[in-house]
Amino acid sequence: MAEKQFNVAVAGATGAVGNQMISCLEEMNFPVKSIRLLASHRSVGRTLRFKGDLIPVEELKEDSFKGLDIALFSAGGSTSKTFAPNAARDGCVVIDNSSAWRMDPHVPLVVPEVNPHAVAQHSHKGIIANPNCSTIQMVLPLSPIHKKYGIKRIVVSTYQAVSGTGKKAIDELFDQSRAMINFLDCQNNVYPHRIAFNCLPHIDSFLDNGYTKEEMKMVNETRKILEDDTIGVTATTVRVPVFYSHSESVNVETKKPVSATEVRSLLEKTPGIKVVDDPEQNLYPLAIDAAGQDLTLVGRIRDDESIPNGINMWIVADNIRKGAATNAVQIAQVLVKDYL
Ligand code: A2P
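Analysis parameters
Residues numbered from 1 in each chain as written. Predicted model: local features only at pLDDT ≥ 70, side-chain atom pairs only at ≥ 80, totals over all residues. Heavy atoms only, no water. Helix = DSSP H or I, 4+ residues; strand = E, 2+ residues; numbered from the N terminus. Buried < 20%, exposed > 50% of the residue type's maximum accessible area, 1.4 Å probe, protein only. Polar contact = N/O pair within 3.5 Å; in protein donor to acceptor, adjacent residues only side chain to side chain. Contact = heavy atoms within 4.5 Å. Near = heavy atom within 4 Å. Areas by Shrake-Rupley, 256 points an atom, 1.4 Å probe, with all protein chains shown as cover. 1 Å grid on protein atoms, 1.4 Å probe; cavity = no way out; pocket = protein on both sides within 12 Å on 5 of 7 lines; lining within 4 Å. Sits in = over half its atoms within 2 Å of the grid points. Nonpolar A, V, L, I, M, F, W, Y, C, P; charged D, E, K, R; others polar.

Colleague: Please explain the side chain of N7 as it appears in this structure.
Modeller: Its location among the elements puts N7 in strand β1 (residues 6–11). Overall, N7 belongs to the buried group, its relative accessible area being 16%. Within the structure, the side chain of N7 is placed 3.3 Å from the backbone oxygen of G67, a separation counted as a polar contact. Apart from the residues within four sequence positions on either side, N7 is in contact with K33, S34, G67, L68, D69 and I70.

In structure tokens form, the structure reads like this:
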């Protein structure tokens, strides 16, 4: 029997994540019957390549989704808030990369290796949320640890690439770096301070509790995906002058006794993860190795000697691929396999 094919749209197609979504649909051989590439009016007149064809970029409008089956959204939170319900009303399932719908109790928040069953809940609103990039790569190794040992508390510090902010931030790091090495003045337009040769402990806006929205996304989304509100999570999220891949230092305290050796062998068997952990050979996860591929790299796995049941680890993944586009297309794969 011929494989079923789907009419697909990418909203935000000209952006860093949208562009990668188009490539992932192609690379992952998603059964695309037709594709519509949507962006703002500024991009009308541009074309983007899909499977060798040049596809015109259209302006995203209320009626853009008629006759479509699936729309991958990465055009910012306000665009998702406005247009995702329209798309869903027209019978098109939205997989949304923004934070607009993630904590809606009727919207599933899915990392396919962790909670694919949650996709079933998409029928409530016709929207499925793609989690925050830092959260995706953290819950991937933490999920098997939680199942086996029960996680009590997570303390995470992130080192996040500028591509998470979008194309303008990639250009800003490049322009500032070039200016700096040529002893020229440089401008900040995207971030409140210079990002080149600097670290900013500030991602997304600050909240009344002193944390940033990015930090609270890690707290709330981790609990939702792992389906356990009792897990304590505390996060410090930092922007660093790296183009692609987020790195994370993660400390986990478990309920049952655990050891670094056990965690290493558990993660070696976990789909989507590659353990890179041979410090004597200078082998540990690096942003430059994670970039451009889909595995989440885990290393520096150590017993936390300050508490009875604790583990430290270093987790790195490509924030645009597994942290966004790849995860969204994997959700679409679950959707078409089991639900469409
Ligand atoms: P455009 O390129 O036309 O501005 P990034 O996160 O890399 O900055 O990309 C954001 C993406 O979201 C781009 O494709 C951008 O399109 C799109 N976008 C931003 N605002 C809107 C909007 N109001 N309507 C449709 N697309 C939008």
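After presenting the structure, the write-up continues.
Colleague: What's the story with the site of the ligand in this structure? I'm lost.
Modeller: Close to the ligand lie 15 residues, the nearest being T14, A16, S40, R42 and S43. At a separation of 2.6 Å, an oxygen atom of the ligand approaches a polar side-chain atom of T14. In the environment of the ligand, an oxygen atom lies 3.1 Å from a nitrogen or oxygen atom belonging to the backbone of K167. Here the ligand loses 70% of its free accessible area of 570 Å² to cover by the protein chains. Here the ligand is seated within the largest pocket. Its residues placed into classes, the shell around the ligand shows five nonpolar, eight polar and two charged.

No statement about biological role is implied by the geometric values presented.
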